[in-house]
Amino acid sequence: MATVLVVGGAGYIGSHMVKLLAGRGYSVVTFDDLSTGYRDAVVRGEFVQGSLADHAALDTVFRSRRFDAVMHFASFIQVGESVMEPAKYYANNFSNTLTLLDAMVAAGVGRFIFSSTAAIFGEPETELIAESHPQRPLNPYGRSKWMVEQALGDYDRAYGLKSVCLRYFNAAGADPEGELGERHQPETHLIPLVLQVASGRRPEIGIYGDGYPTPDGTCVRDYIHIVDLCEAHLLALDALVMEERSRAYNLGNGAGFSVRQVIDAARKATGCPIPAKVNPPRAGDPARLVADSARARAELGWRPRYEDLETIIAHAWAWERKVAAGA
Ligand code: UFG
């Protein structure tokens, strides 16, 4: 069975990926500096604590065994912070990723699965966003990811490094077995924040604006279950093994839910009132971001299992109750 290096495997998406890979019989090594991740979220495989900025640490990992592929989840993800501190985003999300790619090239590891984002597209020009949509990121976060995508094209041409860029829409939900979930510090994402209100850890949810050109005035997003997202990585890896060709896929369910719809669904799932109030809009939030994932379905055979918002929220709620009980 193949051996995979999961960089950022102690974070929200990475930790679910590690569990899924190990469950499918892959040998997994997590490399993570624990700056935002948690050691106890790495529930399977081997763990190496190290920084992507540390060339020597990376070389040691690549010398320790023969990796068939690398999956890279270690990035900063807050759009607002990236506007205030672009250097932090370019240094980690771009420069450190090049360090990782260079270490791969030096070690002769030729397959790379990259966590990209819908933020590379900027303001949507079409109802559904396909891979061919113009790429005009609006902030340093999106630009840092887009720059990696550009660099990957060059690394393929020059060094033969093959990659799959997966552009996530809104990753949400939690491990259906309740072992893992979302633990961002600070939490900025809608679904965990809403559920923290339900569990009593927060007094209310603030809605960032209700004057958007959407049916109820609040922003519309495409929420995708974390396990479906991770499944797409496995399929992407299979596809790279079968056909050594670099490509990119947009990953979402193709259905948009407004902030108010998410809050209502959470009220239904939890039975809690969840007080909400409208705050001013957050800078840089597009009104609507919904994926066209037809390419991933056609080329990878990707079939999301947990498409409905109720299931996504139910799994996130089970995790929130567990965290709140221990808090
Ligand atoms: N929202 C609120 N109140 C909150 C938090 C969020 O109203 O307290 C709204 C946001 O304005 C947005 C929606 O809920 O309309 C979803 O917000 P999230 O922060 O959960 O997700 P984003 O769509 O902003 O972010 C997602 C990813 C980010 C990534 C970004 C890039 O989760 O990691 O897309 O487009 F950076």
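Just so it is clear, the model here is predicted, and its values are computed rather than measured.

Asker: Could you clarify how one ought to interpret the overall build of the chain in this entry?
Answerer: The helix and strand tally for the chain stands at 10 helices and 14 strands. At 19 Å, the chain has a C-alpha radius of gyration in line with the 20 Å of a compact globule built from 327 residues. Counting only C-alpha atoms, the chain reaches 55 × 45 × 40 Å along its principal axes. Of the contacts formed within the chain by residues at least 6 apart in sequence, a portion of 77% connects residues at least 24 apart. Accessible area of the chain: about 13700 Å², with a carbon and sulfur share of 52%. Taking the average location of the 33 positive side-chain charges in the chain and that of its 39 negative ones, the two points are 1 Å from each other.

Asker: I'm lost on helix α5 (residues 140–159) in this one. Help?
Answerer: Because each turn of an α-helix spans 3.6 residues, side chains separated by three or four positions in sequence point in the same direction. With 20 residues, α5 should cover 28 Å at 1.5 Å per step; its first-to-last C-alpha distance of 27 Å lies within 8% of that length. Within the sequence span of α5, burial applies to Pro140, Tyr141, Gly142, Ser144, Lys145, Val148, Glu149, Ala151, Leu152, Tyr155 and Asp156. Along its buried surface, α5 packs onto α3 (79–84), α4 (86–107), β5 (111–117) and β6 (162–168).

Asker: Is there a simple way to explain the site of the ligand in this structure?
Answerer: Neighbouring residues of the ligand: 20 residues in total, closest Leu190, Gly206, Arg221, Arg282 and Asp285. With respect to the ligand, the side chain of Asn170 contributes an N or O atom lying 2.9 Å from an oxygen atom. Separating an oxygen atom of the ligand from a backbone N or O atom of Tyr208 is a distance of 2.9 Å. For the ligand, whose accessible area on its own is 690 Å², the fraction buried by protein is 90%. For the shell around the ligand, the secondary-structure elements that each account for two or more residues are α6 (190–198) and β8 (205–208). Tallying contributions element by element places β8 first for the shell around the ligand, with 4 residues. When we break the shell around the ligand down by domain, the ones giving at least three residues each are domain 1 (3–172 + 223–251) and domain 2 (190–222 + 254–324).

Asker: Explain unusual backbone geometry here, please?
Answerer: Outside of glycine, negative phi angles account for most residues, and trans bonds account for most peptide bonds. Of note, the amide linkage connecting Gln185 to Pro186 takes the cis form, showing an omega dihedral of 0°. Tracing the backbone through its elements, the reader meets Pro186 in the loop between β7 (170–172) and α6. A positive phi angle is found at Leu34, which is not glycine, with a value near 60°. Among the structural elements, Leu34 can be located in the loop between β2 (27–32) and β3 (46–49). With a relative accessible area of 24%, Leu34 lands in the partly exposed category. A positive phi is found at Ile274, a non-glycine position, where the angle reads about 50°. Relative to the elements of secondary structure, Ile274 occurs in the loop between α8 (259–270) and β13 (276–279). Ile274 gets classed as buried once you look at its relative accessible area, which sits at 1%.

Asker: Which parts of the structure should I look at to understand the sheet that holds strand β14 (residues 288–289)?
Answerer: Two modes of strand pairing occur in sheets, parallel and antiparallel, and in both the strands are linked by backbone hydrogen bonds. The sheet built from 3 strands is open, its strands ordered β12-β9-β14 with mixed pairing. Looking at the sheet topology across the chains shown, the edges are occupied by β12 (257–258) and β14. Pairing geometry for strand β9 (residues 220–221) and β12, over 2 bridges, is antiparallel. Pairing of Arg221 across the sheet is with Phe257, part of β12.

Asker: Please explain the pairing of strand β4 (residues 69–72) as it appears in this structure.
Answerer: Both faces of the sheet carry side chains from a regular strand, because those side chains alternate between them. Side chains Ala69 and Met71 of β4 all project onto a buried face; the interleaved residues Val70 and His72 project onto the opposite face, where all are buried too. With 4 bridges connecting them, strand β1 (residues 3–7) and β4 associate as parallel partners. Within the sheet, the bridge partner assigned to Val6 lies in β4 and is Met71. Both β4 and β5 contribute to a ladder of 3 bridges, which runs parallel. Across the sheet, residue Val70 finds its bridge partner in β5, namely Phe112.

Asker: I would appreciate a short explanation of the packing of α6 against α8 in the present structure.
Answerer: Describing two packed helices takes the angle between their axes plus the distance from one axis to the other. Running from N to C, α6 and α8 point in directions that differ by 40°, and their axes come no closer than 10 Å. Comparing their axes, α8 and α6 come out oblique. Classified by chirality, the crossing of α8 by α6 is right-handed. Within the contact between the two elements, α6 uses Leu190, Ile191, Val194, Leu195 and Ala198 and α8 uses Val259, Val262, Ile263, Ala266 and Thr270. A breakdown of the residues in the contact of α6 with α8 according to their chemical character gives 9 nonpolar, 1 polar and no charged.

Asker: Help me understand the side chain of Ser144 in this model?
Answerer: By the element assignment, Ser144 lies in helix α5. A distance of 2.7 Å separates a polar side-chain atom of Ser144 from the backbone oxygen of Tyr141. Filtering out sequence-adjacent residues up to four positions away, Ser144 remains in contact with Tyr89, Tyr90, Asn93 and Phe94.

Cut-offs applied
Residues numbered from 1 in each chain as written. Predicted model: local features only at pLDDT ≥ 70, side-chain atom pairs only at ≥ 80, totals over all residues. Heavy atoms only, no water. Helix = DSSP H or I, 4+ residues; strand = E, 2+ residues; numbered from the N terminus. Rg over C-alpha atoms; globule rule 2.2 N^0.38 Å. Contact = heavy atoms within 4.5 Å. Areas by Shrake-Rupley, 256 points an atom, 1.4 Å probe, with all protein chains shown as cover. Lys, Arg positive; Asp, Glu negative; His and termini not counted. Charge placed at Lys NZ, Arg CZ, Asp CG, Glu CD. Expected span 1.5 Å × (residues − 1). Buried < 20%, exposed > 50% of the residue type's maximum accessible area, 1.4 Å probe, protein only. Near = heavy atom within 4 Å. Polar contact = N/O pair within 3.5 Å; in protein donor to acceptor, adjacent residues only side chain to side chain. Domains from an automatic or database assignment. Pairing = 2+ DSSP bridges. Axes fitted to C-alpha atoms, helices over the stretch in contact; angles between N-to-C directions. Parallel < 35°, antiparallel > 145°, perpendicular 65-115°, else oblique. Left-handed = near helix turned anticlockwise from the far one by under 90°. Nonpolar A, V, L, I, M, F, W, Y, C, P; charged D, E, K, R; others polar.

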